[in-house]
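# A closer look at the structure
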Amino acid sequence: TGSSSLATVSVTDTFNAAQLGYVSALTAPNTVAPGTLTWTNVGPLASGQSTDIIVNFTALASANPAVNSVLANAGGGLTASDTENIIITNPSLS
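The sections below set out a description of the structure shown in this document. (Residues numbered from 1 in each chain as written. Predicted model: local features only at pLDDT ≥ 70, side-chain atom pairs only at ≥ 80, totals over all residues. Heavy atoms only, no water.)

## Some points on the layout of surface pockets
Approximately 580 Å³ is the volume found for the largest pocket. Lining the largest pocket are 25 residues; nearest its centre among them are Val9, Val11, Thr51, Ala72 and Ala80. Looking at the lining of the largest pocket, the elements with two or more residues in it are β1 (10-15), β5 (54-59), β6 (63-75) and β7 (78-88). A per-element tally of the lining of the largest pocket places β7 first, with five residues. (1 Å grid on protein atoms, 1.4 Å probe; cavity = no way out; pocket = protein on both sides within 12 Å on 5 of 7 lines; lining within 4 Å. Points joined across faces, edges and corners; volume = space filled by probe spheres on them. Helix = DSSP H or I, 4+ residues; strand = E, 2+ residues; numbered from the N terminus.)

Here it is, written out as structure tokens:
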């Protein structure tokens, strides 16, 4: 969090629901919708503190790439984002 404490931090994870299927998350999201997971508040976070959210997906279709993006928003213009491109070559379902 740098030098500021953050009372409220929302996190939104977006993905192509035709390529990735949500399975579970360590810190369960508040909202699960096709292609979007939302955590309304993963805070408070003290200065220098961080938190991890681990999300598990099932590969549903081949993709080059399947894109998974996340946005953290603490309000007042304080945001952080990241995007991961995943290559899915042999999806399988059990």
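## With respect to the side chain of Asn68
Tracing the backbone shows Asn68 in strand β6. Polar contacts involving the side chain of Asn68 include one to the main-chain carbonyl oxygen of Thr14, which spans 3.3 Å. Excluding anything up to four places from it in sequence, Asn68 contacts Asp13, Thr14, Phe15, Phe57, Asp82, Thr83, Glu84 and Ile86. (Polar contact = N/O pair within 3.5 Å; in protein donor to acceptor, adjacent residues only side chain to side chain. Contact = heavy atoms within 4.5 Å.)

Distances and angles like these do not, on their own, reveal function.
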